[in-house]
Amino acid sequence: MIGLISYALGVAVAAPRTGGLVSAGLLLVLSLAGAVGMILLLPGGRDTPLRKIGGAVLLALLLVLAALLGKTAAGVGFYFWIFSAIALVGAVRVITHTKPVYSALYFVLTVMASAGLFVLMWAEFMAAALVLIYAGAILVTYVFVIMLASEAHEGGAGGTGAETDLDHDAVSREPILASAAGFALLGVLLFVIFDKPSFSRAADSMSARSASAKVAPDISPANQPVMQGGTQQLGAYLFDHQVINLELAGLILTIAMVGAIVIARRGVWRSGEALREMGETLVAPATPIDDNPHSIPVVGTDNPRQKAYPET
Amino acid sequence: MPRKSMSELALQHYLAVGAIMFVIGLIGFMTRRNLIIIFLCTELMFQGVAINLIAFGRYWGNLHGQAFVIFVLVIAAAEASLALGLVVLLFRQKSTLDANVWRELRG
């Protein structure tokens, strides 16, 4: 491990500047340190000081990355840093907290911060939809299921099991492998995003992009200069160009609703004769047998077909 | 209100945030053992992708990114309802949320 880090440091020092925002060697070092921090931070049944160290490492890395990007701050404002910091810290807490309800609540925090980022990108409708659908609907469902499926703590010595975490929440599975794979992917992704020379060169001269945009103009109506609110534009775009997709989305939601009801129903699968057997016993006293209103039995008779009143 | 298009540098910043969020969700998906948290981590990955899509839509000045995010939200809602139904079903059978209990599904 030490050898690897020193090698990475050597690469970082010797790496030629390729014109990107962050050099490849630096990204390698950052990813390695991030993986180590994440391994320490993930719940592994260990004591808390190590996890605190891991959290501090990750926070420091986030600050380093922000400083590296912030020295060329152009086009992003103060609120971008605030919102993205909240979103990322919340996301890390989602996957490292040992209590599921807290994870869900931290996810709400992440969703709110992402909505803030969407507002910064002029996507007001999407921000509102994110808050309504994610924080309002999906997360409430998650919290419901967490409450519904709350497990009985298996006794334990103390008996006050409410404060101890369950084993499968407190011990994560393969933290080293997962962190290595995840941060390798992150390093490659950030390398592709930042280390593209054309990106930064074009960013130096802002007019270059607008010139190239003039060469190949997008003539779709959505690309016309925005005059009204973004929501109005989005609605017009959706119903002009994406009608079939909208209908398909509605269909998918309907099918998902039906499927969820079928899946979560209790006692769906029974054979035919079992159902017929149950029919004799499970009919409630006041259940009508057929469409004849006189077949509605009177309370007090055992046999629902026996009428307790005289025929008229 | 006049809307300037986004510079490439700002696009890179937003893409970086989306990538980091996606990877955090991925790590959580691989490491957590609670079934509900596993599905919560997929939602986290959806968030990262949505940030990417909206940043690209803003960068090119069109609405394709936002429209795509709407459909991503639809799929996320459908996936959440179905997945939570499945989780409730699985919980009824073994009365635990541990994913390792269902190890035999590995084959």
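Computed from a predicted structure; not experimentally measured.

*Asks:* Lay out the overall build of chain A with the relevant residues and their values.
*Replies:* Looking only at helices and strands, chain A features 13 helices and zero strands. Listing each helix as α and each strand as β along chain A from the N terminus yields α-α-α-α-α-α-α-α-α-α-α-α-α. Here chain A holds 312 residues, and the buried ones make up 24% of them. Sequence-distant contacts in chain A: of pairs separated by 6 or more residues, those separated by 24 or more amount to 52%.

*Asks:* Quick one: what's the story with the overall build of chain B, residue by residue and with numbers?
*Replies:* Across its full length, chain B carries three helices and zero strands. Along the chain direction, N to C, the helices and strands of chain B fall in the order α-α-α. Principal-axis analysis of the C-alpha atoms gives chain B an extent of 60 × 25 × 25 Å. Scored against the burial criterion, the 107 residues of chain B give a buried share of 58%. Sequence separation of 24 or more characterises 54% of the internal contacts of chain B that already satisfy a separation of 6 or more.

*Asks:* Let's hear about the packing of helix α12 (residues 243-264) of chain A against helix α3 (residues 64-94) of chain B: which residues, and what values?
*Replies:* At a closest axis distance of 9 Å, the pairing of α12(A) and α3(B) adopts a crossing angle of 5°. Overall, the two elements α12(A) and α3(B) adopt an arrangement that is roughly parallel. Facing α12(A), whose interface residues are Asn245(A), Ala249(A), Ile252(A), Leu253(A), Ala256(A), Met257(A), Gly259(A), Ala260(A), Ile263(A) and Ala264(A), α3(B) presents Phe71(B), Val74(B), Ala77(B), Ala78(B), Ser81(B), Leu82(B), Gly85(B), Leu86(B), Val88(B) and Leu89(B). When the residues that make up the contact of α12(A) with α3(B) are grouped by side-chain class, the tally is 16 nonpolar, four polar and no charged.

*Asks:* Account for the environment of Gly48(B), with residues named and values stated.
*Replies:* Residues and elements named next belong to chain B. Relative to the assigned elements, Gly-48 resides in helix α2 (residues 35-60). Counting along the chain gives 28 residues from Gly-48 to Ile-20, while the straight-line C-alpha distance between them is 7.5 Å. Other than its neighbours up to four places away in sequence, Gly-48 contacts Gly-18, Ala-19, Met-21, Phe-22 and Gly-25.

*Asks:* Summarise the nonpolar core; cite the residues concerned and give the values.
*Replies:* In this structure, Met21(B), Ile36(B), Leu40(B) and Ile54(B) are the most contacted members of the largest nonpolar core, which totals 87 residues. For this core, the secondary structure elements donating two or more residues are α2 (24-41), α4 (78-96), α5 (100-120), α6 (124-148) and α8 (175-194) of chain A together with α1 (8-31), α2 and α3 of chain B. It is α1(B) that provides the largest number of residues to this core, a total of 15 residues. In contact with Ile54(B), not counting residues within four places along its chain, are Phe118(A), Met121(A), Ala123(A), Met126(A), Gly65(B), Gln66(B) and Val69(B).

*Asks:* Tell me what's going on with the packing of α6(A) against α2(B), and back it up with residues and numbers.
*Replies:* Between α6(A) and α2(B), whose axes approach to 11 Å, the crossing angle comes to 175°. Between α6(A) and α2(B), the crossing angle belongs to the class labelled roughly antiparallel. Between α6(A) and α2(B), the residues in contact are Met126(A), Ile138(A), Tyr142(A), Val145(A) and Ile146(A) and Ile36(B), Leu40(B), Glu43(B) and Ile54(B), respectively. Residues of the contact of α6(A) with α2(B), tallied by class, amount to eight nonpolar, no polar and one charged.

*Asks:* I'd like a rundown of unusual backbone geometry, residues and numbers included.
*Replies:* Its identity as a non-glycine residue notwithstanding, Trp122(A) has a phi of 60°, on the positive side. With respect to the helices and strands, the residue Trp122(A) is situated in the loop between α5 and α6. The buried category is assigned to Trp122(A), around which 21 C-beta atoms lie within 10 Å. You will see that Ser95(B), though not glycine, has its phi angle at about 50°, which is positive. With respect to the element layout, Ser95(B) can be found in the segment after α3. Overall, Ser95(B) belongs to the exposed group, with 11 C-beta atoms counted inside 10 Å.

*Asks:* Describe the environment of Thr231(A), naming the residues involved and giving the relevant values.
*Replies:* Residue and element names in this part refer to chain A. Along the chain, the position of Thr-231 falls in helix α11 (residues 230-241). Thr-231 sits 43 residues away from Val-188 along the chain, and the two C-alpha atoms are 35 Å apart. Each residue touching Thr-231, except ones within four places of it in the same chain, is listed here: Glu-124 and Phe-125.

*Asks:* Summarise the confidence of the model for chain B; cite the residues concerned and give the values.
*Replies:* All names here are of chain B. For chain B, mean pLDDT is 86; residues scoring 70 or higher make up 93% of the total. Averaged pLDDT values for the elements of chain B fall to 89 in α3 and rise to 91 in α2. Listed scores for the predicted complex are pTM 0.76 and ipTM 0.91.

*Asks:* How would you summarise the confidence of the model for chain A if you had to cite specific residues and measurements?
*Replies:* A low pLDDT means the predicted coordinates there should not be read in detail. Residue and element names in this part refer to chain A. Here chain A shows a mean pLDDT of 74. Residues at 70 or above account for 60%. Within the model, pLDDT remains below 50 along residues 11-18, and this stretch shows 13 contacts once partners closer than five positions in the same chain are excluded. Here residues 154-162 scores under 50 on pLDDT; set against residues more than four positions off or in separate chains, the count is four contacts.

*Asks:* Can you explain the environment of Tyr237(A)? Please cite residues and give values.
*Replies:* Residues and elements named next belong to chain A. On the secondary structure map, Tyr-237 appears in helix α11. Residue Tyr-237 is classed as partly exposed on the basis of its 18 C-beta neighbours within 10 Å. C-alpha separation for the pair Tyr-237 and Ala-264, spaced 27 residues apart in sequence, amounts to 37 Å.

Conventions and cut-offs
Residues numbered from 1 in each chain as written. Chains lettered and ligands numbered in written order. Predicted model: local features only at pLDDT ≥ 70, side-chain atom pairs only at ≥ 80, totals over all residues. Helix = DSSP H or I, 4+ residues; strand = E, 2+ residues; numbered from the N terminus. Buried ≥ 20, exposed ≤ 12 C-beta atoms within 10 Å, placed from the backbone. Contact = placed C-beta atoms within 7 Å. Axes fitted to C-alpha atoms, helices over the stretch in contact; angles between N-to-C directions. Parallel < 35°, antiparallel > 145°, perpendicular 65-115°, else oblique. Nonpolar A, V, L, I, M, F, W, Y, C, P; charged D, E, K, R; others polar. Core = buried A, V, L, I, M, F, W, Y, C linked by C-beta atoms within 7 Å. pLDDT = per-residue confidence, 0-100.

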